[in-house]
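Chains, contacts and geometry: an overview
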Amino acid sequence: MNRNTAKYIVDVGMGISFLFVFLTGLMKWPTKAYGRMKPTYEMKLIHDYSGIILGLLVCVHLILNGRWILAMTKNIYHKK
């Protein structure tokens, strides 16, 4: 698999996982809009597992972009 394709797949996965975490987190949040809605067991599972998946995908993302991150860090600190 092409490195750019892998980066794209990881980034799309991070976006989808983030949406699941964000939306289920809003539903769990005690507000007027969702205050009467009790979080279901399934919603908690979706929230928890999508959060774990997001964390793993972030780790893969950092590994795939590690060289660029290091190069940019060196550029920023060597410009002084």
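Bear in mind that the values here come from a model prediction, so they are computed numbers and not experimental data.

What the chain contains, in helices and strands, is 3 helices and 0 strands. Listed by position from the N terminus, the elements making up the chain come as α-α-α. Out of the 80 residues in the chain, the part that is buried amounts to 16%. Nonlocal contacts in the chain, meaning residues at least 24 apart in sequence, comprise 62% of its contacts between residues at least 6 apart. Surface summary for the chain: the accessible area is close to 6,800 Å², and the carbon and sulfur share equals 70%.

Another aspect to go through is a nonpolar patch on the surface. Residues M1, Y8, I9, V12, I16, F20 and I46 make up a contiguous nonpolar surface patch of roughly 760 Å² in combined accessible area. If you tally residues by element for the nonpolar patch, the top one is helix 1 (residues 3–28), at 5 residues. Locating F20 in the fold gives a position in helix 1.

This next bit is on helix 1. For helix 1, with 26 residues, the first-to-last C-alpha span of 37 Å sits near the 38 Å given by 1.5 Å per residue. Within the sequence span of helix 1, burial applies to V10, M14, S17, V21 and T24. At the N-terminal boundary of helix 1, the capping side chain belongs to N2, with an oxygen 3.1 Å from the backbone nitrogen of N4.

Every α-helix carries 3.6 residues per turn, so stepping three or four residues along brings you back to the same face. Relative to the 34 Å expected for 24 residues at 1.5 Å per residue, helix 2 (residues 41–64) spans 35 Å between its end C-alpha atoms, a close match to the ideal helical length. Regarding helix 2, the residues found buried are M43, H47, S50, L54, L57 and L64.

Before going further, it helps to examine the nonpolar core. Counting residues in hydrophobic clusters, the biggest one holds 5 residues: V10, M14, L54, L57 and L64. Among the elements of the structure, helix 1 and helix 2 are those that each provide at least two residues to this core. Here this core gets 3 residues from one element, more than from any other, and that element is helix 2. Non-local contacts of L57, meaning those with residues more than four positions away in its chain, are made with V10, G13 and M14.

Locating S17 in the fold gives a position in helix 1. For S17, a relative accessible area of 5% puts it in the buried group. A polar side-chain atom of S17 sits 3.3 Å from the main-chain amide nitrogen of L54.

The next subject is the environment of L23. Locating L23 in the fold gives a position in helix 1. Distance from L23 to M43, taken between C-alpha atoms, is 9.9 Å for residues 20 residues apart in sequence.

So, how was this worked out
Position labels on residues start from 1 in each chain and follow its written sequence. Since the coordinates come from a predicted model, pLDDT governs what is reported: local features require at least 70, and pairs of side-chain atoms require 80 or more to be given and counted, while whole-chain, interface and lining totals use all residues. The basis for every side-chain value is the complete set of heavy atoms in the structure, and neither hydrogens nor water enter the calculation. Segments assigned H or I by DSSP are reported as helices when at least four residues long, segments assigned E as strands when at least two residues long, and all are numbered from the N terminus. Exposure is judged per residue with a 1.4 Å probe applied to protein chains only, and the accessible area is read against the type maximum: over 50% gives exposed, under 20% gives buried, and values in between give partly exposed. Should any heavy atoms of two residues lie within 4.5 Å, those residues are considered in contact. Accessibility throughout is a Shrake-Rupley quantity obtained with a 1.4 Å probe, and a residue counts as covered only by protein chains that appear here. Residues enter patches when they are more than 30% accessible in relative terms and free of salt bridges; like-charged ones are connected within 9 Å and nonpolar ones (Val, Leu, Ile, Met, Phe, Trp, Tyr) within 5 Å. Salt bridges are identified by distance alone: a Lys or Arg side-chain nitrogen within 4 Å of an Asp or Glu carboxyl oxygen. Between the first and last residue of a helix there are one fewer steps than residues, each counted as 1.5 Å, and that sum is the expected span. Whenever a nitrogen or oxygen atom comes within 3.5 Å of another N or O atom, the pair is scored as a polar contact, on the condition that within protein one atom can donate a hydrogen and the other can accept it, and that pairs from neighbouring residues in sequence are kept only if both atoms are in side chains. What makes a nonpolar core is a set of buried Ala, Val, Leu, Ile, Met, Phe, Trp, Tyr and Cys residues whose side-chain atoms join them at distances within 4.5 Å.

Structural measurements only, silent on function.
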